[in-house]
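# Notes for the structure review
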Amino acid sequence: MATQQYYFDMDANGFPLLTEHNIEFIKALVKNDPGYRQPIDKDYKIILSNHFPNEDKEILNIVKLIDKVDSTHLASEGSKFKGNNMGREITAEAICQITDLKDKINNGDTGIIDIIANAVNEEHKRQGKESGKYNFSFATKFCAYVSLYALNKDNYCIYDKVVSEILPYYLYTYLGEKHYRIKRDGTAVSTISEEFKKDSQYVKYRQLVDKLIESVYNKHNYRPSYKEIDGLLWYYFKGENSRIVKAMETLK
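Computed from a predicted structure; not experimentally measured.

Parameters at a glance
- Residues numbered from 1 in each chain as written.
- Predicted model: local features only at pLDDT ≥ 70, side-chain atom pairs only at ≥ 80, totals over all residues.
- Heavy atoms only, no water.
- Helix = DSSP H or I, 4+ residues; strand = E, 2+ residues; numbered from the N terminus.
- Buried < 20%, exposed > 50% of the residue type's maximum accessible area, 1.4 Å probe, protein only.
- Contact = heavy atoms within 4.5 Å.
- Areas by Shrake-Rupley, 256 points an atom, 1.4 Å probe, with all protein chains shown as cover.
- Axes fitted to C-alpha atoms, helices over the stretch in contact; angles between N-to-C directions.
- Parallel < 35°, antiparallel > 145°, perpendicular 65-115°, else oblique.
- Left-handed = near helix turned anticlockwise from the far one by under 90°.
- Nonpolar A, V, L, I, M, F, W, Y, C, P; charged D, E, K, R; others polar.
- Phe/Tyr/Trp six-rings, centres within 6.5 Å; stacked < 30°, edge-to-face > 60°.
- Core = buried A, V, L, I, M, F, W, Y, C linked by side-chain atoms within 4.5 Å.
- Salt bridge = Lys/Arg side-chain N within 4 Å of Asp/Glu carboxyl O.
- 1 Å grid on protein atoms, 1.4 Å probe; cavity = no way out; pocket = protein on both sides within 12 Å on 5 of 7 lines; lining within 4 Å.
- Points joined across faces, edges and corners; volume = space filled by probe spheres on them.
- Expected span 1.5 Å × (residues − 1).

So, on to the overall build of the protein chain. Along the protein chain, the regular secondary structure elements total 13 helices and four strands. Burial analysis of the protein chain (252 residues in total) assigns 47% to the buried set. Pairs at least 24 apart in sequence give 62% of the contacts found in the protein chain among residues at least 6 apart. Per element, the accessible surface of the protein chain, about 13,300 Å² overall, is 47% carbon and sulfur.

Structure below.
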């Protein structure tokens, strides 16, 4: 017989609330989904578990792994060398040059997000070429994963396409804040990327997520971590985008 524990707690619009039950439910689903459990539970933990990467080769391996598993497209960035783009190598080198990297990640330093995200751009400037991509998503994921798996600290919230597109729904339903715009065709779309996906904006982005977490605590008496918020929103709304579209339609 089906019981309530196997269903999401839904809000008035039919979308998951950010409750402890829903977060634990998502964790169980991810843990048993063969498409996602291996890279998270195996690769990252084996490489980073209680071991902060100190060697240049270790940093590069982590950069390559995140870029591959999370599809952050560094491999297609940067200047070509022998037919290959060098975005991963350029970014890894920039990370290796950050002074006191371990202490900065341990303390949740936000300045390193900009350094990592801008690595390819800075290399382009040195070579007198047009600017490359500001790799914001990769930078947040690198810091988040290293913080989580090497230092056991949830210091960084992740920015990615799915979360950025659905976050306005929760910012409005929990906080009453409007981070979306209505297009000419009447559809509501996120403005998160326009507001925060640019140089030196990570502080404001994290503050926004912090406000949401505080509101969740006040409403549900449960304070989710960055990882838990990201996990629920990403796993439930990933895919062919229909759930995001339906959720955003309620904001018109």
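Next up on the list: the packing of helix 3 (residues 56-69) against helix 8 (residues 136-151). Packed helix pairs are characterised by how far apart their axes lie and by the angle those axes make with each other. Two elements in contact, helix 3 and helix 8, have axes whose closest approach is 10 Å; the angle formed by their N-to-C orientations is 120°. Overall, the two elements helix 3 and helix 8 adopt an arrangement that is oblique. Seen from above, helix 3 lies across helix 8 with right-handed handedness. Two secondary-structure elements touch here, helix 3 through I59, I62, V63, I66 and D67 and helix 8 through F138, K141, F142 and Y145. Considering only residue class, the contact of helix 3 with helix 8 consists of seven nonpolar, no polar and two charged.

This next bit is on the packing of aromatic side chains. Enumeration according to the criterion identifies 19 aromatic pairs in this entry. Considering the side-chain rings of Y134 and F136, the 6.0 Å spacing of their centres and the 20° angle between planes classify their relative orientation as stacked. Residue class for Y134 comes out buried when judged on its relative accessible area of 11%. For F136, a relative accessible area of 0% gives the class buried. Counting every residue linked through ring pairs, the aromatic cluster contains F8, F15, F25, Y169, Y170, Y174, Y236 and F237.

With that settled, the discussion passes to the nonpolar core. Ranked by size, the top nonpolar core spans 72 residues in total, and within it L18, I105, F142, Y170, Y205, L233 and F237 carry the most contacts. With 12 residues, helix 8 is the single largest residue contributor to this core. If we skip the residues at most four places from it in the chain, L233 touches L18, V162, V163, I166, L167, Y170 and K238.

Under the counting rule described, the total for this entry stands at 10 salt bridges. Linked by salt bridges that have partners in common, E24, K27 and E228 make up one network.

A few words on the layout of surface pockets. Gaps between atoms show up when a probe of the same size as a water molecule is rolled over them. Of the voids in this model, the second largest pocket is the one considered here, and its volume is about 170 Å³. The wall of the second largest pocket is formed by K161, E165, T187, A188, V189, S190, N241, I244, V245, M248 and E249. Elements with a contribution of two residues or more to the lining of the second largest pocket: helix 9 (161-175), strand 4 (188-190) and helix 13 (242-249). Ranked by residue count, the leading element in the lining of the second largest pocket is helix 13, at four residues.

Even without glycine at this site, H73 takes up a positive phi of about 65°. Positionally, H73 belongs in the loop between helix 3 and strand 1 (80-81).

A few words on empty space enclosed by the protein. Under the criterion given, the structure shown has one cavity of 30 Å³ or more. Of the volumes computed, that of the largest cavity is approximately 50 Å³. Taken together, C157, I158, V163, L167, Y205, V209, L212, Y226, I229 and D230 form the lining of the largest cavity. Looking at the lining of the largest cavity, the elements that each hand over two or more residues are helix 9, helix 11 (202-220) and helix 12 (226-237). Here the lining of the largest cavity is built from residues that sort into nine nonpolar, no polar and one charged.

Because each turn of an α-helix spans 3.6 residues, side chains separated by three or four positions in sequence point in the same direction. An ideal rise of 1.5 Å per residue puts 16 Å on 12 residues; helix 12 measures up with 17 Å between its terminal C-alpha atoms. Across the 12 residues that make up helix 12, a large majority, nine, are buried. Within the span of helix 12, buried status applies to Y226, E228, I229, D230, L232, L233, Y235, Y236 and F237. Count one or two residues on from helix 12 and you reach G239, which has phi positive near 115°.

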